[in-house]
Amino acid sequence: MTSEPTLTIVGTATSQGVPVLGCDCPVCTSGDPRDQRLRASVLLRNGTETLAVDAGPDFRTQLLRERVHSLAGLILTHEHNDHTAGLDDVRPYCFRQKIDMPVYCLPRVAEELRSRFAYAFSDYPGVPRLDIREVGFGEEINFNGRAVTLLEVLHGKLPILGLRIGDLAYLTDAKTLPERTLRQLRGVKTVIISALHHQGTHSHLSLEEALEYVERIGAERGVITHLSHRMGTAAAVEAMLPDKVRCGFDGMRIIIGRS
Ligand SMILES: [Zn+2]
Ligand SMILES: [Zn+2]
Ligand SMILES: [Zn+2]
């Protein structure tokens, strides 16, 4: 057992998940457990504390798999459904820990939560009690004595949160990294970055573009996540990646070093 903080990737799929419902493609019918991908999310652990990054439709399953007994809070990278739809499932932690769950997000995302989860802000008994903490780019969250720095990532035109903790960065739903963010990433050893599939879209990096960013950041290693079934099987993707880049899989754990 290590006392160093860790990051566990608990979901590596794009919004529909892999397998995609009703799809008979070789990826969606693969017997390789690495090809079973829940919606993109990571858990940070430091000592006895756990911080979740995003709460998509698979949030409950992810917390069950990782046997998370208590939750210190959540960072929501942005408001899209594949990152927020599971938020109601913080309720057992609110009840047991007798807290309003801290939720760190941009002001725009906070506004969206107050309308989409309006019941959570009512007096009705049993609702998830959320302690919304609006944050901005460049701010730090103190996570049990370690700083989590919030970075600006452009998801198409939408500014969303990425994060850096020690020598590790998590950049999901990325299309463009502003210059300031690239400066804040100096010295990062491991970068986990989204890569949708081989083409990319207006709001998501292609595999090729994600690999270029791993190089530009100067990271020793990269891990790709937020993958579409159109990317290919984990085995096929691993075979085409450069040595220092791995294809992320659900359950992948990385030790976080000092920067
Ligand atoms: Zn498929
Ligand atoms: Zn998104
Ligand atoms: Zn997404």
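Before reading further, recall that the structure is shown in the block above.
Residues numbered from 1 in each chain as written. Chains lettered and ligands numbered in written order. Predicted model: local features only at pLDDT ≥ 70, side-chain atom pairs only at ≥ 80, totals over all residues. Heavy atoms only, no water.

(A) Layout of the coordination of the zinc ion (ligand 1). Binding of the zinc ion (ligand 1) to the protein goes through C23 (SG), C25 (SG), C28 (SG) and H229 (ND1), at separations of 2.1 to 2.4 Å. Taken together, the 4 donor atoms coordinating the zinc ion (ligand 1) and their angles of 106 to 113 degrees define a geometry best described as tetrahedral. As a motif over one chain, the donors of the zinc ion (ligand 1) read C-x1-C-x2-C-x200-H. Pair noted here: C28 is in the loop between β1 (6–11) and β2 (41–46) and H229 is in the loop between β12 (221–225) and α7 (234–240), with a separation of 201 residues, a long-range link. (Donors = N, O, S within 2.8 Å, 3.2 Å for Na, K, Ca; no water. Tetrahedral: all angles 85-135°; square planar, octahedral: opposite > 155°, others 65-115°. Helix = DSSP H or I, 4+ residues; strand = E, 2+ residues; numbered from the N terminus.)

(B) A look at the environment of N46. Along the chain, N46 falls in strand β2. Taking relative accessible area as the criterion, N46 reaches 9% and is therefore assigned buried. Sequence separation between N46 and G138 is 92 residues; the distance between their C-alpha atoms is 21 Å. (Buried < 20%, exposed > 50% of the residue type's maximum accessible area, 1.4 Å probe, protein only.)

(C) Molecular detail of the coordination of the zinc ion (ligand 2). In the first shell of the zinc ion (ligand 2), the protein supplies H78 (NE2), H80 (ND1), H155 (NE2) and D173 (OD), at 2.2 to 2.4 Å from the metal. One way to put it: the 4 donor atoms around the zinc ion (ligand 2) meet at angles of 88 to 175 degrees, and that makes the site irregular. One chain supplies every donor for the zinc ion (ligand 2), spaced along it as H-x1-H-x74-H-x17-D. If you look at the zinc ion (ligand 2) and the zinc ion (ligand 3), they sit 3.5 Å from each other and are both ligated by D173. With a gap of 95 residues between them, H78 in the loop between β4 (73–75) and α2 (81–84) and D173 in the loop between β10 (168–171) and α5 (179–184) connect regions that are remote in the sequence. You'll find H78 and D173 in the same group, each marked buried.

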